Amino acid sequence: MRRVVVTGLGLVTPLGADVETSWSNLIAGKSGAGQITRFDTSDQKCTIACEVKPADHEYGFDPDKRVDFKIRRQVDPFIVYGIDAAGQALEDAGLTEMDDDMKLRAGCSIGSGIGGLPGIESESLVLASKGPGRVSPHFVHGRLINLISGQVSIKYGLMGPNHAVVTACSTGAHSIGDAARMIKDGDADIMLAGGAESTICPIGIAGFAQAKALNCSSNDAPEKASRPYDKGRDGFVMGEGAGVVVLEEYEHAKARGAKIYAEVVGYGLSGDAYHVTAPHPEGKGAENAMRMAMRKAGMEPGDIDYVNAHGTSTMADTIELAAVKRVLGDDLGGASMSSTKSAIGHLLGGAGAVEAIFCILAMRDQIVPPTLNLDDPDEGTEGVDLVPKVSKKREVKAVLNNSFGFGGTNASLIMKAVD
Amino acid sequence: MSDTEERVKKIVVEHLGVEADKVTMDASFIDDLGADSLDIVELVMAFEEEFGVEIPDDAAEKITTVGDAVKYIEEHKG
């Protein structure tokens, strides 16, 4: 059977424009939240978000580094973040120069939950004020979700499968799981897999606020707003950015002497079949996804050391926790579980991929990132290590990463360290 | 350099991200400045906005160099 390993990582997050900066800030307990700087929020219910910082910031993102000027002008920010994270991952894997045979066996599966919402919003305003003759000829392909995979394949000459998942906030996890299957099935030897999002724009913030999903009560204390499992939690904080990994067939990676971070051993998928935005009250869909991933991984409760929860800082947090308990046991089989959305917000379609990378780094460094702002843990959290406020040194050999999305779509990934 | 020429060149630099000294009057948008057909559509839109002229599709198709654009605008602006 073909095994799938991770050989490269790339991150653009509100805590840094690369993997090491994002990770060290996360482990240090920093928050990426602040007032929205992109647009005037004076008439919005929510005025805060976890923005990717501008280039002149201490850990800001420089779009010129890996994205051509002309492309940057034409496309939405989620595509820029995605191209950059994919470039980082290829550089990390030592795969920026591949021969034609390798390129034929290398593909992309980089998705997004929503895609180019800021550009759809702004061009709609152009259409309304100036008419159809002023709509940009780059409007469509600058907003489409599969255009990270498209742009990356063109830039690096990747001629293998070209795919893009759209499953709301499960996108990043589904992208990695689906791409791993493509390698297992022999469709490719190398896949760039992940997700990106950037919807911090007036209609994005207003839409999620109207859906009662965003925290609108902590505008004066942005760093305290995302508080998964805390009794005072009151909705998620929007984040943005991208996470992309290089997945590679194990023998292929070994033969070229690649650095191997982890093996993807379990992938579970399910549907809630319940409600468009609310999770099933008993967390059945989440449970089914986790059980499938555990079965595929051949793991028992006790084998998992760290769970990176979906944990959005909404009512759904404790529903997920109850489901994790049913799968792993009341003490989670000794696993620690945290929500890194407490620090970087909710990256929507990027979340699952960014969090999978945090899981991999937890295994590399034997440390688990904290759940910030957990001052007053909600009922049902007793006896569970939610890693409150401060990161924790511990043994981490296997990890479970959960992602759930609107529409009732669930994905769980299990990865383990490779000896 | 005429005022029109200067403004046309500025738009080309802003849209295509090319060095200003490459934007000569006989530079071809596609062959010399790296534009594709959609970039030209966008450039034509930008010229229309900047100079308040209308450049119909059949005229736009004949604009292949920076000089073509300057000449068309000089002849048609109000």
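No experiment lies behind these values; they were computed from the predicted model shown.

Quick notes on the rules
Residues numbered from 1 in each chain as written. Chains lettered and ligands numbered in written order. Predicted model: local features only at pLDDT ≥ 70, side-chain atom pairs only at ≥ 80, totals over all residues. Heavy atoms only, no water. Helix = DSSP H or I, 4+ residues; strand = E, 2+ residues; numbered from the N terminus. Rg over C-alpha atoms; globule rule 2.2 N^0.38 Å. Buried < 20%, exposed > 50% of the residue type's maximum accessible area, 1.4 Å probe, protein only. Patch = residues over 30% accessible without salt bridge, like charges linked within 9 Å, V, L, I, M, F, W, Y side chains within 5 Å. Areas by Shrake-Rupley, 256 points an atom, 1.4 Å probe, with all protein chains shown as cover. Salt bridge = Lys/Arg side-chain N within 4 Å of Asp/Glu carboxyl O. Lys, Arg positive; Asp, Glu negative; His and termini not counted. Charge placed at Lys NZ, Arg CZ, Asp CG, Glu CD. Pairing = 2+ DSSP bridges. UniProt positions renumbered as here; feature names shortened; annotations may be inferred. Arc of directions from axis to C-beta. Contact = heavy atoms within 4.5 Å. 1 Å grid on protein atoms, 1.4 Å probe; cavity = no way out; pocket = protein on both sides within 12 Å on 5 of 7 lines; lining within 4 Å. Points joined across faces, edges and corners; volume = space filled by probe spheres on them. Core = buried A, V, L, I, M, F, W, Y, C linked by side-chain atoms within 4.5 Å. Buried area = accessible area lost by both parts, 1.4 Å probe. Polar contact = N/O pair within 3.5 Å; in protein donor to acceptor, adjacent residues only side chain to side chain. Nonpolar A, V, L, I, M, F, W, Y, C, P; charged D, E, K, R; others polar. Axes fitted to C-alpha atoms, helices over the stretch in contact; angles between N-to-C directions.

Draft legend 1. Main features of the overall build of chain A. Broken down by element type, chain A carries 13 helices and 14 strands. Relative to its length of 419 residues, chain A is compact, with a C-alpha radius of gyration of 20 Å against a globular reference of 22 Å. Taken along the three principal axes of its C-alpha coordinates, chain A extends 60 × 55 × 40 Å. Taking all 419 residues of chain A together, 63% fall into the buried category.

Draft legend 2. A look at a positive patch on the surface. All names here are of chain A. A cluster of basic residues, Arg 181, Lys 184, Arg 295 and Lys 296, forms a positive patch on the protein surface. Within the residue set of the positive patch, elements represented by two or more residues are helix 7 (171–184) and helix 10 (284–297). Its place among the elements puts Lys 184 in helix 7. Since its relative accessible area comes to 34%, Lys 184 is described here as partly exposed.

Draft legend 3. Structural detail: the pairing of strand 1 (residues 4–12) of chain A. Residues and elements named next belong to chain A. With 9 of 9 residues buried, strand 1 lies mostly within the body of the structure. As judged from the 8 bridges shared by strand 1 and strand 7 (residues 241–249), these two strands associate in the antiparallel manner. For Gly 8, the partnering residue across the bridge sits in strand 7 and is Val 246. Note that strand 1 and strand 8 (residues 262–271) share 2 bridges and pair antiparallel. In the strand pairing of strand 8, Val 5 is matched with Glu 263.

Draft legend 4. Broad picture of the UniProt feature "modified residue: O-(pantetheine 4'-phosphoryl)serine" (unreviewed entry) in chain B. All names here are of chain B. Sequence positions flagged by UniProt for "modified residue: O-(pantetheine 4'-phosphoryl)serine" (unreviewed entry) are, in local numbering, Ser 37. Among the structural elements, Ser 37 can be located in helix 2 (residues 37–51). We classify Ser 37 as exposed; its relative accessible area is 51%.

Draft legend 5. How the structure looks around the pairing of strand 14 (residues 409–416) of chain A. All names here are of chain A. Within strand 14, 7 of the 8 residues are buried, which leaves it mostly tucked inside the rest of the structure. Across 8 bridges, the pairing between strand 8 and strand 14 is antiparallel. When the bridges of strand 14 are listed, Leu 269 appears paired with Ala 411. With 8 bridges connecting them, strand 13 (residues 398–405) and strand 14 associate as antiparallel partners.

Draft legend 6. How the structure looks around helix 8 (residues 202–210) of chain A. All names here are of chain A. Restricting attention to buried positions, one finds in helix 8 the residues Gly 204, Ile 205, Phe 208 and Ala 209. All buried residues of helix 8 fall inside an arc of 125° around its axis, so they share one side. Elements that come into contact with the buried residues of helix 8 comprise helix 5 (117–130).

Draft legend 7. Looking closely at the side chain of Ser 170 of chain A. All names here are of chain A. The topology assignment puts Ser 170 in the loop between strand 5 (162–163) and helix 7. According to the relative accessible area criterion, Ser 170 is buried, its value standing at 0%. When sequence neighbours within four positions are dropped, the list of residues in contact with Ser 170 reads Ser 403, Phe 404, Gly 405, Thr 409, Asn 410 and Ala 411.

Draft legend 8. Structural view of unusual backbone geometry. Of note, the phi angle at Ala 168 of chain A is positive, near 45°, even though the residue is not glycine. Among the structural elements, Ala 168 of chain A can be located in the loop between strand 5 and helix 7.

Draft legend 9. Quick look at the layout of surface pockets. Residue and element names in this part refer to chain A. Empty space within the largest pocket amounts to approximately 670 Å³. What lines the largest pocket is a set of 40 residues, and nearest its centre among them are Thr 277, Pro 279, Thr 314, Ala 316 and Phe 406. When contributions to the lining of the largest pocket are tallied by element, the ones reaching two or more residues are helix 8, helix 11 (316–328) and strand 13. Sort the elements by how many residues they give to the lining of the largest pocket and helix 11 lands first, with 4 residues.

Draft legend 10. Representation of the nonpolar core. All names here are of chain A. Residues Val 6, Leu 9, Trp 23, Ile 176, Val 245, Leu 247 and Met 415 are the most contacted members of the largest nonpolar core, which totals 49 residues. Here the element with the most residues in this core is helix 13 (residues 351–365); it accounts for 11 residues. Those residues in contact with Val 6, other than ones at most four positions away along the chain, are Val 245, Val 246, Leu 247, Lys 259, Ile 260, Tyr 261, Ala 262, Val 264 and Ile 360. Membership of the second largest hydrophobic core comes to 33 residues, among which are Ile 83, Ala 85, Ala 106 and Ala 196.

Draft legend 11. Structural context of the interface of chain B and chain A. Listed by partner, the interface residues are 15 residues for chain B and 12 residues for chain A. Between chain B and chain A, roughly 1100 Å² of surface is buried when both sides are summed, and carbon and sulfur atoms account for 48% of that area. On the surface where chain B and chain A come into contact, there are 5 salt bridges. Applying the counting rule to chain B against chain A returns 10 residue pairs in polar contact (both at pLDDT 80 or more). Of all the secondary-structure elements, those providing two or more residues to the side of chain B that touches chain A are helix 1 (3–16) and helix 2 of chain B. Of the residues belonging to the side of chain B that touches chain A, the class tally is 6 nonpolar, 3 polar and 6 charged.

Draft legend 12. Local environment of the environment of Arg 105 of chain A. Structurally, Arg 105 of chain A can be placed in the loop between helix 4 (100–104) and strand 4 (106–111). Separated by 83 residues in the primary sequence, Arg 105 of chain A and Ala 188 of chain A place their C-alpha atoms 4.6 Å from one another.

Draft legend 13. Summary view of the sheet that holds strand 14 of chain A. All names here are of chain A. Within the open sheet, the 10 strands sit side by side as 5-4-6-7-1-8-14-13-9-10. Their pairing is mixed. Because the sheet does not close on itself, it has two edges, and the strands there are strand 5 and strand 10 (336–338). On the sheet, helix 3 (residues 77–93) packs against strand 1, strand 4, strand 6 (190–197) and strand 7 and is oriented at approximately 135° with respect to strand 1. Set on the sheet, helix 13 makes contact with strand 1, strand 6, strand 7, strand 8, strand 9 (306–308), strand 13 and strand 14; between it and strand 13 the angle comes to about 170°.

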